[in-house]
Amino acid sequence: MDLTGPQENDTLKMYTDSLTYNTDTGMAQLMCKTLIVSKDGEITSTSGFYDTRTGIADLYERSMVHTRRGNTLTGDTLFYDRDQGFGEAFGNMVLTDSVRQTMLEGNYGCYFEKQDSAFATNRARILEYSKGDTLYMHGDTIRSYVLHDDSTHVMTAYPRVRFWRVDIQGLCDSLSFMERDSTLYMHRHPIVWNEARQIFGNVIYVHFNDSTVDWAKLPEFGFTAEHVGEEFYNQLSGKEMLATFVDGNMRRLDVSGNVEVVLLPEESDSTINKIVNSESSFLTADFSAGPMQVERIKMWPDVTGTATPLYLAKKSIFYLSNFQWYEALRPKDKDDIFNIPPEIEAL
């Protein structure tokens, strides 16, 4: 069925086995699987109404809009204004972005095609699958938009943000990702886990190179801990911290300002028999590429500290004053990001 669309020289095609069409109003009622094709994209639905004169659609029973940009918007119920490039989805919304290779989900959301922006809420989640493993991120509300001044893409999530990928997990109250500098900005008690280590501070900046973490910076305060067995944790704390990653694993840590260290070095036979407590102004630590082990630590210019045999060590020297182990809050998989433990609210 060929019709004249809402714009001049716009041919609208509708492919279906059954259709009710009002020639006076230009309103088409979709009664079975129907494909609507125009120069602006395609609509697939089995139930709903489409105004051929205005390009406005009310669609039900899981419908999809395929836009001229190549993106798709799917929802249990859809409102779509073709002329304005606006779509609103109710129930199991899925917005795919083929260029950025992302998928935005939620029980409610909107898509503004002309502004290249969208948002989702109510069990919102965004998936990023450009390279390697997929990153899954949840926040109460997730927004995606483009800045007018330089056309860079921005993604924000807030509050109660949790994310999971095989090589990195984390949480914070709010975050933003800037396409311009490929950096993730995490605010309000952010925590990041990688393998057996966790890092937390006031704010954390995580930089990605081809979707792989290559550095994380804590510019105001940083604390990293590594569980080495039983009640023992290697710990580093300082005013500013920069962690460098290779192939998804932390290989170097630079700390400056009020550096404090608790270290339980392994002996040649892999046993731990002493605890080292040190303080200095600066520290650099290098880590092994295989099993996570400290290869070298350099502290300068003035270093104070003690090495105490474990059998003589008091409990008070096992932990730095800011030590916290947040393993119970760590997302376990792509679906666990929706579970918000009550301890997160306390943070």
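Cut-off values and rules
Residues numbered from 1 in each chain as written. Predicted model: local features only at pLDDT ≥ 70, side-chain atom pairs only at ≥ 80, totals over all residues. Heavy atoms only, no water. Helix = DSSP H or I, 4+ residues; strand = E, 2+ residues; numbered from the N terminus. Rg over C-alpha atoms; globule rule 2.2 N^0.38 Å. Buried < 20%, exposed > 50% of the residue type's maximum accessible area, 1.4 Å probe, protein only. Areas by Shrake-Rupley, 256 points an atom, 1.4 Å probe, with all protein chains shown as cover. Lys, Arg positive; Asp, Glu negative; His and termini not counted. Charge placed at Lys NZ, Arg CZ, Asp CG, Glu CD. 1 Å grid on protein atoms, 1.4 Å probe; cavity = no way out; pocket = protein on both sides within 12 Å on 5 of 7 lines; lining within 4 Å. Points joined across faces, edges and corners; volume = space filled by probe spheres on them. Nonpolar A, V, L, I, M, F, W, Y, C, P; charged D, E, K, R; others polar. Polar contact = N/O pair within 3.5 Å; in protein donor to acceptor, adjacent residues only side chain to side chain. Contact = heavy atoms within 4.5 Å. Phe/Tyr/Trp six-rings, centres within 6.5 Å; stacked < 30°, edge-to-face > 60°. Lys NZ or Arg CZ within 6 Å of the ring centre and 35° of its normal. Patch = residues over 30% accessible without salt bridge, like charges linked within 9 Å, V, L, I, M, F, W, Y side chains within 5 Å. Salt bridge = Lys/Arg side-chain N within 4 Å of Asp/Glu carboxyl O.

1. Brief notes about the overall build of the chain
Alright, step 1. Tallying secondary structure elements over the chain gives one helix and 31 strands in all.
Alright, step 2. Its C-alpha radius of gyration of 27 Å places the chain more than 25% over the 20 Å reference for a compact globule of 347 residues.
Alright, step 3. Judged by the C-alpha coordinates and their principal axes, the chain covers about 90 × 35 × 35 Å.
Alright, step 4. The buried share of the chain, reckoned over its 347 residues, is 50%.
Alright, step 5. Counting every atom, the chain has about 16700 Å² of accessible surface; 49% of that belongs to carbon and sulfur.
Alright, step 6. Side chains of the chain carry 32 positive and 51 negative charges; the gap between the two charge centres is 2 Å.

2. Considerations on empty space enclosed by the protein
Sizing a probe to match a water molecule and rolling it over the atoms shows the empty space that remains.
Alright, step 1. Throughout the structure, instances matching the rule amount to four cavities of 30 Å³ or more.
Alright, step 2. The calculated volume of the largest cavity comes to roughly 140 Å³.
Alright, step 3. Along the walls of the largest cavity sit 15 residues, with L95, D97, T102, A118 and S144 positioned nearest its centre.
Alright, step 4. Residues that form the lining of the largest cavity fall into these classes: six nonpolar, six polar and three charged.

3. Notes on the layout of surface pockets
Alright, step 1. Size it by volume and the largest pocket reaches roughly 570 Å³.
Alright, step 2. Surrounding the largest pocket, 22 residues form its lining, R100, E128, S130, F177 and S211 being those nearest its centre.
Alright, step 3. Counting residues per element, the ones that place at least two in the lining of the largest pocket are strand 14 (117-128), strand 15 (135-146), strand 16 (153-158) and strand 23 (203-209).
Alright, step 4. Partitioning the lining of the largest pocket into residue classes produces nine nonpolar, seven polar and six charged.
Alright, step 5. In terms of lining, the second largest pocket is formed by 12 residues, of which the most central are N234, L264, E266, Q293 and V294.

4. Let's talk about the side chain of N234
Alright, step 1. Tracing the backbone shows N234 in strand 26 (residues 232-238).
Alright, step 2. Classification of N234 by relative accessible area gives buried; the value is 10%.
Alright, step 3. Within the structure, the side chain of N234 is placed 2.8 Å from the backbone nitrogen of L264, a separation counted as a polar contact.
Alright, step 4. Aside from chain neighbours lying at most four places away, what touches N234 is T224, A225, E226, V228, V262, L263 and L264.

5. Some words on the packing of aromatic side chains
Alright, step 1. For the structure on display, the rule yields 18 aromatic pairs.
Alright, step 2. Centroid distance Y233 to W325: 4.9 Å. Interplanar angle 50 degrees. Geometry classified as tilted. In this pair, Y233 is assigned in strand 26 and W325 in the loop between strand 31 (304-309) and helix 1 (342-346), connecting sequence segments 92 residues apart.
Alright, step 3. Look at Y233 and you get buried, because its relative accessible area is 11%.
Alright, step 4. W325 gets classed as partly exposed once you look at its relative accessible area, which sits at 23%.
Alright, step 5. Through successive ring pairs, a cluster of aromatic residues spans F200, F221, F223, F232, Y233, F318, Y319, F323, W325 and Y326.
Alright, step 6. Across from the ring centre of F287, 4.0 Å away, lies the NZ or CZ of R197, which sits over that ring.
Alright, step 7. A cation over an aromatic ring shows up here: K298 above the ring of W300, its NZ or CZ 5.1 Å from the ring centre.

6. Here's the deal with a nonpolar patch on the surface
Alright, step 1. Together, M27, F49 and Y60 make up a nonpolar patch on the protein surface, roughly 240 Å² of accessible area in all.
Alright, step 2. Residue F49 is classed as partly exposed on the basis of its relative accessible area, which comes to 33%.

7. Focus: the environment of D254
Alright, step 1. On the secondary structure map, D254 appears in strand 28 (residues 249-263).
Alright, step 2. Residues D254 and E240, 14 residues apart in the sequence, show an inter-C-alpha distance of 8.2 Å.
Alright, step 3. Leave out the neighbours within four places in its chain, and D254 touches E240, M241, L242, L283 and T284.
Alright, step 4. Here R252 takes part through its side chain, which lies 3.2 Å from a polar atom of the side chain of D254.

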